[in-house]
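Below are the chains, spelled out letter by letter.
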Amino acid sequence: MGGLPAHRGQTVREFLAGGASRRLHLEQLPGYAPDLNPDEGVWNYLKNVEMKNLCCQGLDHLKTELRKAKERLRHKVEIIKSFFREVGLV
């Protein structure tokens with residue numbers, strides 16, 4: 001969790017109260033700490049591996065390709081785990 005007010009909002013509190021807190025461990029992160037955020041690894045992987053050398057014809061094409069890239073990454077569990085290992089969360 002970063003300092004974004006939405007992270008402390010009613011929707012998040014309800015989500016956690018509804019049982020998510022039993023299966024999720026939340027970490028408080030500084031406001032700007034890309035080296036501590038596993039999602040930076042996700043975006044880096046999508047940009048430099050899954051979508052490398054991609055030239056889109058427009059925003060709709062880019063959205064489609066990003067959706068496909070995210071779906072491919074979703075099935076690469078070890079790569080996803082590596083994003084958390086890289087920042088020391090595993």
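Refer to the structure presented above.
The text that follows walks through the structure, step by step, so that each part is easy to find. Since we're looking at a predicted model, the values are computed, not measured.

## What about the overall build of the protein?
The secondary structure content of the protein amounts to four helices and zero strands. The C-alpha extent of the protein, read off along each of the three principal axes, is 40 × 30 × 25 Å. Put simply, the protein has 90 residues, and 18% of those count as buried. Taking the contacts inside the protein whose residues are at least 6 apart along the sequence as the reference set, 47% of them involve residues at least 24 apart. Summed over all atoms, the accessible surface of the protein reaches about 7100 Å², with 56% contributed by carbon and sulfur. Counting 15 positive and 11 negative side-chain charges, the protein places the averaged centre of each group 4 Å from the other.

## Here's the deal with the pattern of salt bridges
Think of it this way: side chains of opposite charge can pair up when their charged atoms draw near. Applying the stated criterion across every chain yields a total of five salt bridges. Arginine 74 is the partner of glutamate 71 in a salt bridge, and the nearest nitrogen-oxygen pair spans 2.9 Å. Of this pair, glutamate 71 and arginine 74 both sit in helix H3 (residues 59-74), three residues apart, roughly one helical turn. Exposure remark for glutamate 71: the relative accessible area of 36% places this residue in the partly exposed category. Three or more residues are tied together by salt bridges with common partners; here these are Glu50, Arg72 and Lys76.

## Points about unusual backbone geometry
The phi torsion at asparagine 53 lies on the positive side, around 60°, for a residue other than glycine. Examined against the element boundaries, asparagine 53 turns out to sit in the loop between helix H2 (38-50) and H3.

## Details of the packing of H2 against H3
Relative to each other, H2 and H3 sit at 110°, their axes nearing to 11 Å. What the angle tells us is that H2 and H3 run roughly perpendicular. Contact residues: H2 offers Val42, Trp43, Tyr45, Leu46 and Glu50, while H3 offers Leu66, Ala69, Lys70, Arg72 and Leu73. Across the contact of H2 with H3, the residue classes tally to seven nonpolar, no polar and three charged.

Definitions and limits used
Every residue gets a number counted from 1 within its own chain, in the order that chain's sequence is written. Only residues with pLDDT of at least 70 get local features here, since the model is predicted, and only at 80 or more are side-chain atom pairs given and counted; chain-wide, interface and lining totals rely on the full set of residues. Think of the side-chain values as coming from all heavy atoms in the structure, minus any hydrogens and water. Secondary structure is summarised from DSSP: a helix means a run of H or I of at least four residues, a strand means a run of E of at least two, and numbering begins at the N terminus for each. Only protein chains enter the calculation, and the probe is 1.4 Å; a residue is then buried if its accessible area is under 20% of its type maximum, exposed if over 50%, and partly exposed in between. What makes two residues a contact is simply this: any of their non-hydrogen atoms within 4.5 Å. Methods summary: accessible areas were calculated by the Shrake-Rupley approach with a probe of 1.4 Å, and residue burial reflects only the protein chains presented. The charge count treats Lys and Arg as positive and Asp and Glu as negative. His and the chain ends do not count. For the purpose of locating charges, the reference atoms are NZ of Lys, CZ of Arg, CG of Asp and CD of Glu. The salt bridge criterion pairs a side-chain nitrogen of Lys or Arg with a carboxyl oxygen of Asp or Glu, the two atoms within 4 Å. Axis definition: a line fit to C-alpha positions, over the contact stretch in the case of helices; interaxial angles, taken between N-to-C directions, run 0 to 180 degrees. Should an angle fall under 35 degrees it is called roughly parallel, over 145 degrees roughly antiparallel, and 65 to 115 degrees roughly perpendicular, with every other angle called oblique. For this classification, the nonpolar set comprises Ala, Val, Leu, Ile, Met, Phe, Trp, Tyr, Cys and Pro, the charged set comprises Asp, Glu, Lys and Arg, and every other residue, Gly included, is treated as polar.

By themselves, these observations are geometric and do not establish any function.
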